[in-house]
Amino acid sequence: MTTSFQTSSRVLPLHRSPQARPTTLTAAFRSAARLIVANGHHQGDYCPDPFDRVSRTPHASRPLSIVAALRCVVSGSPHRTTELSEAAVKVLAHRLRVDGEPPVNGEPFTLECHVAEWGDVAGRTVESVVAVLEAAADANEVAA
């Protein structure tokens, strides 16, 4: 039985609900960590079959790279950038070292590549990715 105020009995999954999207850096880092724990960490691209040539599985249900996970939790898509997702990538890039080096410059694409390169290191585990995201969330929470 439905009331006149109900238009649908369908419940949206959390990753598709606009109310569930993080609105702070801390929440974005923690949400991305949870998404990677749930689905795995992907190396080499945003996710398996990023342009859906074969798979019809929603991106939020696939293993994701760090950058893709941050974008996905904030915007719903690993391809869509937002001010918050780009700020999260920037903060994370400056926390990470690749071959002992920080990012080359502050350009958004360079920062994205730096984070992706860190995540693509052979043997990078879900646990290490989640630890970095949680540490960034903790540091951001203390700074706020």
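To be clear, the structure that these remarks concern was listed above.
The sections below set out a description of the structure shown in this document. As the structure is a computational prediction, the values presented were derived from the model and not from experiment.

As for the overall build of the protein
Helices and strands together make up the secondary structure of the protein, namely 5 helices and 0 strands. Its helices and strands taken in sequence order, the protein reads α-α-α-α-α from the N to the C terminus. Buried residues in the protein amount to 40% of all 144 residues. Excluding contacts between residues fewer than 6 apart, the proportion of contacts in the protein whose partners are at least 24 apart in sequence is 52%. As presented, the protein carries roughly 8400 Å² of accessible surface, and 55% of it is formed by carbon and sulfur atoms.

Considering the environment of Ser 65
Looking at the secondary structure, you find Ser 65 in the loop between helix H1 (25-39) and helix H2 (66-75). Once residues lying within four places of it in the same chain are set aside, the contact partners of Ser 65 are Ile 36, His 41, His 42, Asp 45 and Tyr 46.

Remarks on the nonpolar core
Phe 29, Ile 66, Leu 70, Leu 92, Val 115 and Leu 133 are the most contacted members of the largest nonpolar core, which has 35 residues in total. Ignoring any residue separated from it by four or fewer positions in sequence, one finds Val 115 in contact with Ile 66, Val 67, Val 89, Leu 92, Ala 93 and Leu 96.

Some details on the side chain of Glu 112
Residue placement: Glu 112 occurs in helix H4 (residues 108-119). Overall, Glu 112 belongs to the buried group, its relative accessible area being 12%. Within the structure, Glu 112 has its side chain in polar contact with the side chain of Tyr 46 (distance 2.6 Å). Setting aside residues up to four positions removed in sequence, Glu 112 forms contacts with Tyr 46, Val 67, Arg 71 and Val 89.

A short note on a negative patch on the surface
A surface patch of like charges, here negative, comprises Asp 45, Asp 99, Glu 101, Glu 117 and Asp 120. Topologically, Glu 101 is positioned in the loop between helix H3 (83-95) and H4.

Thresholds, definitions, all that
- Residues numbered from 1 in each chain as written.
- Predicted model: local features only at pLDDT ≥ 70, side-chain atom pairs only at ≥ 80, totals over all residues.
- Heavy atoms only, no water.
- Helix = DSSP H or I, 4+ residues; strand = E, 2+ residues; numbered from the N terminus.
- Buried < 20%, exposed > 50% of the residue type's maximum accessible area, 1.4 Å probe, protein only.
- Contact = heavy atoms within 4.5 Å.
- Areas by Shrake-Rupley, 256 points an atom, 1.4 Å probe, with all protein chains shown as cover.
- Core = buried A, V, L, I, M, F, W, Y, C linked by side-chain atoms within 4.5 Å.
- Polar contact = N/O pair within 3.5 Å; in protein donor to acceptor, adjacent residues only side chain to side chain.
- Patch = residues over 30% accessible without salt bridge, like charges linked within 9 Å, V, L, I, M, F, W, Y side chains within 5 Å.
- Salt bridge = Lys/Arg side-chain N within 4 Å of Asp/Glu carboxyl O.
- Lys, Arg positive; Asp, Glu negative; His and termini not counted.
- Charge placed at Lys NZ, Arg CZ, Asp CG, Glu CD.

Taken by themselves, the reported measurements are silent on function.
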